[in-house]
2 protein chains.
Amino acid sequence: MTTELTRPLASAPPPRSGKREKTKIQNRQLILEAAKSVFAELGYGATTVRDIIRATPLASGTFYNYFKSKEEVFQAIQDDSALRIRPRLRAERVRASSIEEFISGTFRTFFQYVADDQGNFRAIRRNRSDAMRVRMDTPEIIAGFEELREDIETAISKGLFPPVDSDFLMASIVGVAFEIAERMLAREDIDPPAAADFATALFMGGVRTLPHRKTSPGAA
Amino acid sequence: MTTELTRPLASAPPPRSGKREKTKIQNRQLILEAAKSVFAELGYGATTVRDIIRATPLASGTFYNYFKSKEEVFQAIQDDSALRIRPRLRAERVRASSIEEFISGTFRTFFQYVADDQGNFRAIRRNRSDAMRVRMDTPEIIAGFEELREDIETAISKGLFPPVDSDFLMASIVGVAFEIAERMLAREDIDPPAAADFATALFMGGVRTLPHRKTSPGAA
DNA sequence: GCAAAAGTTGACGGCCCGTCACGAACCTTT
DNA sequence: AAAGGTTCGTGACGGGCCGTCAACTTTTGC
């Protein structure tokens, strides 16, 4: 504890590129990959840290050199996903010069991403064999929500949006995006543009301007 | 399953109102109440079955006479909640003679219920001290979603709604309802009618018809 | 009352948790 | 290149929770 070293230069920043750094990165990746596969197999709830390390050549103790718990692994996986899409969504919104572009750009980008990234999005959302549906928002994802709110504020101050409750509007966009994404993935033909069109029409003009369906109603 | 009646007596239905039935109901309630309180205290994730029975005069083995796991207790609590609001929501929708009534009735009823029922709604939604947000939909809740979809279908066939994708529309309503509910509860002044007005305006006319905010923008 | 049925109890084996002392692998210094 | 220092992987360990079950207690039907 007592750091009473003579300290000639003490802790020089160790940006080594030696073998140590290499295996560290590798081990971390090993654990993440194993976790993804095990989560997909057993579901998040049923998975134990032991299951994850067992799917790895490492020892149990090693796991804890990299993550504190399975929650943290989960977060790392999800945050990774969030980190990849956030810039794209943000770019889409910054570029927008109308409400319509803002809304449709956001939805198109999001649904397309979800469809491409089903592995990370879908598998994790099953708690176990329970019929219960689960959605977990990691800090990085929540930060993405906040970013959306800020972009809405900016859009309002630029006169793009009317001065509405940006918190509720953000919540509405998020809610529609996630909930429709789930239905979209449950379908035989996954059609991100169709999902985006639906959501965009809802936000642009309400229920009455929603696209009409092609299939005749009443069909089971 | 085999309903072979004839049976002179055999397993006569035991609708006793004896002491046995009474303590059975009581024990179940004891466990449910304890679970609610413990979930609220520790968060769902961190709670163990032992924590629940410890908050009870019962022995550990008894727990398993009533529930298979903490998941099942959780479901029982949530389903209880869902069972209370579903009829109200349904009544509201059946009574509706216009899109506007259908939508606004649904949201008003839902947000009012959430505000009244914070105990069951709020406490459970914290996973633990983690920053992660969690939402879990039990079978009863999911059945409520399906009921909404059916009511939308009925409304379409009655000409109340245009022939839209009822699945996506249901998803949108659900997403907006849950997500706004969460923001609403996070605020100092919980105002269900305001939340309902916002959501209704969104579905009736889109972003451009959303209520304008009173507080001047730009304030931190 | 009494015997069978129903329900409760808590101890038990099995598993998972997170830690930690140890030793091996690596890196630095001379 | 050898020694010394540091970092990190390893697996065994105590503690706790899980779900079960044989023994016991209470209620019920007669």
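Note that the structure is predicted; figures quoted are calculated from it, not measured.

Our focus in this paragraph is the overall build of chain A. The helix and strand tally for chain A stands at nine helices and one strand. The helix and strand sequence of chain A, counted from the amino end, reads α-α-α-α-α-α-β-α-α-α. For chain A, the residues scored as buried account for 31% of the 220 residues in total. If you take every contact in chain A between residues at least 6 apart in sequence, the share linking residues at least 24 apart comes to 56%.

All names here are of chain B. The end-to-end C-alpha separation of helix H1 (residues 19–42) is 34 Å, in line with the 34 Å expected for 24 residues at 1.5 Å each. Residues of H1 that are buried: Ile31, Ala34, Ala35, Lys36, Val38 and Phe39. Tucked into the core, H1 has its buried residues touching helix H2 (49–54), helix H3 (60–66) and helix H4 (70–95). One or two residues past the end of H1 sits Gly43, with phi positive at roughly 85°.

As a structural note, the neighbourhood of DNA strand C is formed by 21 residues, with A:Gly18, A:Thr48, A:Gly61, B:Ala59 and B:Gly61 the closest of them. Of all the secondary-structure elements, those providing two or more residues to the surface near DNA strand C are helix H1 (19–42), helix H2 (49–54) and helix H3 (60–66) of chain A together with H1 and H3 of chain B.

Least-squares fitting of chain A to chain B yields an RMSD of 0.1 Å, with the transformation described by 0.0 Å of translation along the axis and a rotation of 180°. In symmetry terms, the pair is related by a two-fold rotation axis.

Taken together, the contacts link 46 residues of chain A with 46 residues of chain B. When residues of the side of chain A that touches chain B are traced back to their parent elements, those giving at least two are helix H4 (70–95), strand S1 (133–137), helix H7 (139–157), helix H8 (166–186) and helix H9 (192–205) of chain A. Among the elements that make up the side of chain A that touches chain B, the one with the highest residue count is H8(A) (twelve residues). Across the side of chain A that touches chain B, the residue classes break down as 27 nonpolar, eight polar and eleven charged.

Right, let's talk about H7(A) for a bit. All names here are of chain A. Spanning 19 residues, H7 covers 27 Å between terminal C-alpha atoms, matching the ideal 27 Å at 1.5 Å per step. Ile141, Gly144, Leu148, Asp151, Ile152 and Ala155 are the residues of H7 that are buried. All buried residues of H7 project into a common sector of 105° when viewed along the axis, lining one side. Those residues of H7 that are exposed and aimed more than 90 degrees away from the buried face are Glu146 and Ser157.

Time to look at the environment of A:Arg28. Take A:Arg28: it is sitting in helix H1. When the C-alpha atoms of A:Arg28 and A:Tyr66 are compared, they prove to be 6.5 Å apart, with 38 residues separating the residues in sequence.

Turning to its location among the elements, A:Thr62 is positioned in helix H3. Along the chain, A:Thr62 and A:Ile103 lie 41 residues apart, while their C-alpha atoms are 45 Å from each other.

For the rest of this paragraph, the subject is the protein's contact with DNA strand D. What surrounds DNA strand D is a group of 22 residues, the closest being A:Ala59, A:Gly61, B:Gly18, B:Thr48 and B:Gly61. Secondary-structure elements contributing two or more residues to the surface near DNA strand D are H1 and H3 of chain A together with H1, H2 and H3 of chain B.

This paragraph deals with the confidence of the model for chain A. Looking at chain A as a whole, the pLDDT averages 88, with 85% of positions reaching at least 70. Long-range and interchain partners of residues 1–15 of chain A, a stretch whose pLDDT sits below 50, account for one contact in this model, where long-range means more than four residues apart.

So, on to the packing of helix H5 (residues 99–116) of chain B against helix H8 (residues 166–186) of chain B. All names here are of chain B. Relative to each other, H5 and H8 sit at 35°, their axes nearing to 10 Å. Crossing angle aside, the handedness with which H5 passes H8 is right-handed. In this structure, H5 uses Thr106, Phe107, Phe110, Phe111 and Val114 to contact H8, whose residues at the interface are Ile173, Ala177, Ala181 and Met184. Grouping the amino acids of the contact of H5 with H8 by side-chain chemistry returns eight nonpolar, one polar and no charged.

The subject of this paragraph is the nonpolar core. Ranked by internal contacts, the top residues of the largest apolar core, which has 64 residues, are A:Ala177, A:Ile180, A:Ala199, B:Ala177, B:Ile180 and B:Ala199. The set of elements that each furnish at least two residues to this core consists of helix H5 (99–116), H7, H8 and H9 of chain A together with H5, helix H7 (139–157), H8 and helix H9 (192–205) of chain B.

A few words now on the environment of B:Ala115. Residues and elements named next belong to chain B. The residue Ala115 is located in helix H5 in this model. For Ala115 and Ile190, which are 75 residues apart along the polypeptide, the C-alpha to C-alpha distance reads 7.2 Å. Other than its neighbours up to four places away in sequence, Ala115 contacts Ile190 and Pro192.

All names here are of chain B. Where H1 meets H4, the axes come as close as 10 Å, and the angle between the chain directions of the two elements is 95°. Taken together, the axes of H1 and H4 are roughly perpendicular relative to one another. Residue-level inspection shows Ile31, Leu32, Ala35 and Lys36 of H1 in contact with H4, the latter providing Val73, Ala76 and Ile77. Class assignment for the residues of the contact of H1 with H4 results in six nonpolar, no polar and one charged.

Here is what the cut-offs are and how they apply
Residues numbered from 1 in each chain as written. Chains lettered and ligands numbered in written order. Predicted model: local features only at pLDDT ≥ 70, side-chain atom pairs only at ≥ 80, totals over all residues. Helix = DSSP H or I, 4+ residues; strand = E, 2+ residues; numbered from the N terminus. Buried ≥ 20, exposed ≤ 12 C-beta atoms within 10 Å, placed from the backbone. Contact = placed C-beta atoms within 7 Å. Expected span 1.5 Å × (residues − 1). Near = placed C-beta within 6 Å. Least-squares fit on C-alpha atoms with pLDDT ≥ 70 in both. Nonpolar A, V, L, I, M, F, W, Y, C, P; charged D, E, K, R; others polar. Arc of directions from axis to C-beta. pLDDT = per-residue confidence, 0-100. Axes fitted to C-alpha atoms, helices over the stretch in contact; angles between N-to-C directions. Left-handed = near helix turned anticlockwise from the far one by under 90°. Core = buried A, V, L, I, M, F, W, Y, C linked by C-beta atoms within 7 Å. Parallel < 35°, antiparallel > 145°, perpendicular 65-115°, else oblique.

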